[in-house]
Amino acid sequence: MKRKYPSSMITWVTDAPAHHLLKNHPAIDRVLTTSEADLLQLSSLEFEVGFVVDKSLKACGVVNRTKVDQLFGFKVQGRNGAIVPATKAATELWELGLDDHKKFFVNQKPETQLMVEALEIGPYRRDEYWLPLTAVEEKSAYSRRSEWLSLNNRQIIIGLNTGCSNVIAAKKWTVEYHRQVIARILKELPQAEIVLLGGPEDTERNQRISQGLPVISSATESGLRDGLVSVAACDVIVTGDSLGMHMAISQKKQVIAWFGPTCAHEIDIYDRGFKLLAQSPCSPCWKRTCEKSIMCYDQVSLEEVLNALKSCCANRLPGRLTAVDPAP
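**Points about the overall build of the chain**
Alright, step 1. Counting secondary structure elements, the chain contains 12 helices and 11 strands.
Alright, step 2. Computed over C-alpha atoms, the radius of gyration of the chain comes to 21 Å, within 12% of the 20 Å expected from 2.2 N^0.38 for 328 residues, which places it in the range of a compact globule.
Alright, step 3. With respect to the three principal axes, the spread of C-alpha positions in the chain is 60 × 45 × 35 Å.
Alright, step 4. Nonlocal contacts in the chain, meaning residues at least 24 apart in sequence, comprise 51% of its contacts between residues at least 6 apart.
Alright, step 5. Carbon and sulfur atoms make up 51% of the accessible area of the chain, which totals about 16,800 Å².
Alright, step 6. If the 39 positive side-chain charges of the chain are averaged to one point and the 38 negative ones to another, these points end up 1 Å apart.

So this is what it looks like as structure tokens:
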């Protein structure tokens with residue numbers, strides 16, 4: 001956006017609590033939520049350009065609360081509620097929401113590229129995520145990292161992001177599988193400290209995962225920015241397709257991301273780490289619920305996870321660990 005509109009003033013509207021991730025961002029001038037008080041503020045403003053990123057009535061309704069001269073992304077047909085492309089450029093991204101075959105097997109573009117093209121802010125240059133820490137947060141991440149490493153005199157920190165939103169609950173491993181992964185890490189990567197990451201919904205689950213195991217449970221009730229600090233304090237993040245994964249990518253961590261119900265090709269980890277696919281014949285599916293007796297999260301190879309971890313840790317500690325490339 002700043003390349004196309006270099007002198008622009010950007011207002012970003014999102015649901016709470018995601019707005020905390022955008023506050024103090026050097027390129028965003030105003031952050032508003034979808035609360036009624038903030039939408040009242042929005043309704044008093046006028047914009048030359050508007051971008052609707054989400055294909056939803058709510059997102060289209062937000063932009064309808066203000067004055068926008070030119071709209072990119074998506075819009076709503078008011079009489080029937082259909083979400084349609086605002087310009088021809090958004091047609092490809094729109095069609096991926098309608099055609100499973102095209103979304104799952106034909107498209108090979110990451111979501112970042114699809115959005116840049118749909119919003120006509122290209123050409124696409126494979127820009128990295130841009131989610132900087134404040135100076136205070138950088139200091140906190142350094143202190144947290146030093147504290148975690150000093151507890152057991154370890155050399156590298158592996159963060160296990162254990163949860164995800166409940167929209168597609170099958171994007172997270174079981175408690176028992178996390179415990180199996182931890183046991184193997186403790187055995188095969190003795191230089192590594194293990195930290196459990198997650199949000200408020202993962203507090204009780206992380207307690208069950210960590211029971212009787214020498215791992216660190218990071219704070220889960222301190223907000224998104226504090227969670228971002230914990231991610232920044234780690235070297236390698238093991239995660240499902242989740243907000244935690246995107247946080248890790250934003251902080252340029254080595255990422256081992258596993259994919260079952262969602263599409264691995266839509267995520268760009270910028271050549272840092274590995275994307276592991278569940279060996280499930282029906283994956284991806286994007287189903288919110290599943291009745292199968294063997295779930296896709298039960299079909300992620302533990303050996304692939306360990307081999308990917310060894311490789312990522314070797315990148316951080318050259319010459320100290322034996323690296324074996326995971327299966328493609």
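The structure having been displayed, the exposition proceeds.
**With respect to the side chain of S210**
Alright, step 1. Take S210: it is sitting in helix α9 (residues 203-210).
Alright, step 2. Ignoring anything within four residues of it in the chain, the contact list for S210 reads R179, L196, V215 and S217.

**Considering the sheet that holds strand β11 (residues 273-277)**
Alright, step 1. Pairing within the open sheet is parallel, and its 6 strands lie in the order β8-β7-β6-β9-β10-β11. The open sheet has two edge strands, β8 (216-217) and β11, and neither has a second partner.
Alright, step 2. Summarising the sheet, strand β10 (residues 254-259) and β11 pair through 5 bridges and their orientation is parallel. When the bridges of β11 are listed, F259 appears paired with L277.
Alright, step 3. Running over the sheet, helix α7 (residues 135-151) touches β6 (156-161), β7 (192-197) and β8 and is turned about 105° from β6.
Alright, step 4. In this fold helix α12 (residues 302-316) packs onto β6, β9 (236-240), β10 and β11, with an angle of close to 165° to the strand it touches most, β10.

**A look at the sheet that holds strand β5 (residues 82-85)**
Hydrogen bonds along the backbone pair up the strands of a sheet, which may run parallel or antiparallel.
Alright, step 1. Read across the open sheet, the 3 strands follow the order β3-β4-β5; overall the sheet is mixed. Unpaired on one side and paired on the other, β3 (46-52) and β5 mark the two borders of the sheet. Averaged over all neighbouring strand pairs, the angle between strand axes comes to 40°, with direction disregarded.
Alright, step 2. Both strand β4 (residues 67-77) and β5 contribute to a ladder of 4 bridges, which runs antiparallel. Looking at β5, one finds that K75 is bridged to V84.

**Here's the deal with empty space enclosed by the protein**
Rolled over the atoms, a probe sized like a water molecule indicates the empty space that remains.
Alright, step 1. Considering all chains together, one arrives at 1 cavity of 30 Å³ or more under this definition.
Alright, step 2. Top contributing element to the lining of the largest cavity by residue count: β9, with 3 residues.
Alright, step 3. Looking at side-chain class alone, the lining of the largest cavity contains 3 nonpolar, 5 polar and 2 charged residues.

**Quick look at the packing of α7 against helix α10 (residues 224-232)**
The description of two helices packed together rests on the angle between their axes and the distance between the axes.
Alright, step 1. Closest axis-to-axis distance for the α7/α10 pair is 8 Å, and the angle between their directions is 50°. On the basis of the axis angle, α7 is oblique to α10. Read as a crossing pair, α7 and α10 show a hand that is right-handed. Every residue of α10 that contacts α7 at E137, S140, A141, R144 and W148 is listed here: R225, D226, V229, S230 and A232.
Alright, step 2. The class makeup of the residues in the contact of α7 with α10 is 4 nonpolar, 2 polar and 4 charged.

**Concerning the packing of aromatic side chains**
Alright, step 1. Summed over all chains, the structure comprises 6 aromatic pairs.
Alright, step 2. Aromatic pair F104 and F105: ring centres 6.1 Å apart, planes at 90°, arrangement edge-to-face.
Alright, step 3. Three or more aromatic residues joined by ring pairs make a cluster, and in this case those are Y5, F51 and F72.

**Here's the deal with the environment of C296**
Alright, step 1. Turning to its location among the elements, C296 is positioned in the loop between β11 and α12.
Alright, step 2. Relative accessible area serves as the criterion here: at 11%, C296 is assigned to the buried category.
Alright, step 3. Counting along the chain gives 239 residues from C296 to L57, while the straight-line C-alpha distance between them is 31 Å.
Alright, step 4. Leave out the neighbours within four places in its chain, and C296 touches A170, W258, G260, P261, A278 and S280.

**Section: the environment of K109**
Alright, step 1. Among the secondary structure elements, K109 is positioned in the loop between α5 (100-106) and α6 (111-118).
Alright, step 2. C-alpha separation for the pair K109 and V215, spaced 106 residues apart in sequence, amounts to 37 Å.
Alright, step 3. When residues no more than four places from it in sequence are discounted, the contact partners of K109 are E92, L114, E117, H265 and E266.
Alright, step 4. A polar side-chain atom of K109 sits 2.9 Å from a polar atom in the side chain of E92.

Cut-offs applied
- Residues numbered from 1 in each chain as written.
- Predicted model: local features only at pLDDT ≥ 70, side-chain atom pairs only at ≥ 80, totals over all residues.
- Heavy atoms only, no water.
- Helix = DSSP H or I, 4+ residues; strand = E, 2+ residues; numbered from the N terminus.
- Rg over C-alpha atoms; globule rule 2.2 N^0.38 Å.
- Contact = heavy atoms within 4.5 Å.
- Areas by Shrake-Rupley, 256 points an atom, 1.4 Å probe, with all protein chains shown as cover.
- Lys, Arg positive; Asp, Glu negative; His and termini not counted.
- Charge placed at Lys NZ, Arg CZ, Asp CG, Glu CD.
- Pairing = 2+ DSSP bridges.
- Axes fitted to C-alpha atoms, helices over the stretch in contact; angles between N-to-C directions.
- 1 Å grid on protein atoms, 1.4 Å probe; cavity = no way out; pocket = protein on both sides within 12 Å on 5 of 7 lines; lining within 4 Å.
- Points joined across faces, edges and corners; volume = space filled by probe spheres on them.
- Nonpolar A, V, L, I, M, F, W, Y, C, P; charged D, E, K, R; others polar.
- Parallel < 35°, antiparallel > 145°, perpendicular 65-115°, else oblique.
- Left-handed = near helix turned anticlockwise from the far one by under 90°.
- Phe/Tyr/Trp six-rings, centres within 6.5 Å; stacked < 30°, edge-to-face > 60°.
- Buried < 20%, exposed > 50% of the residue type's maximum accessible area, 1.4 Å probe, protein only.
- Polar contact = N/O pair within 3.5 Å; in protein donor to acceptor, adjacent residues only side chain to side chain.

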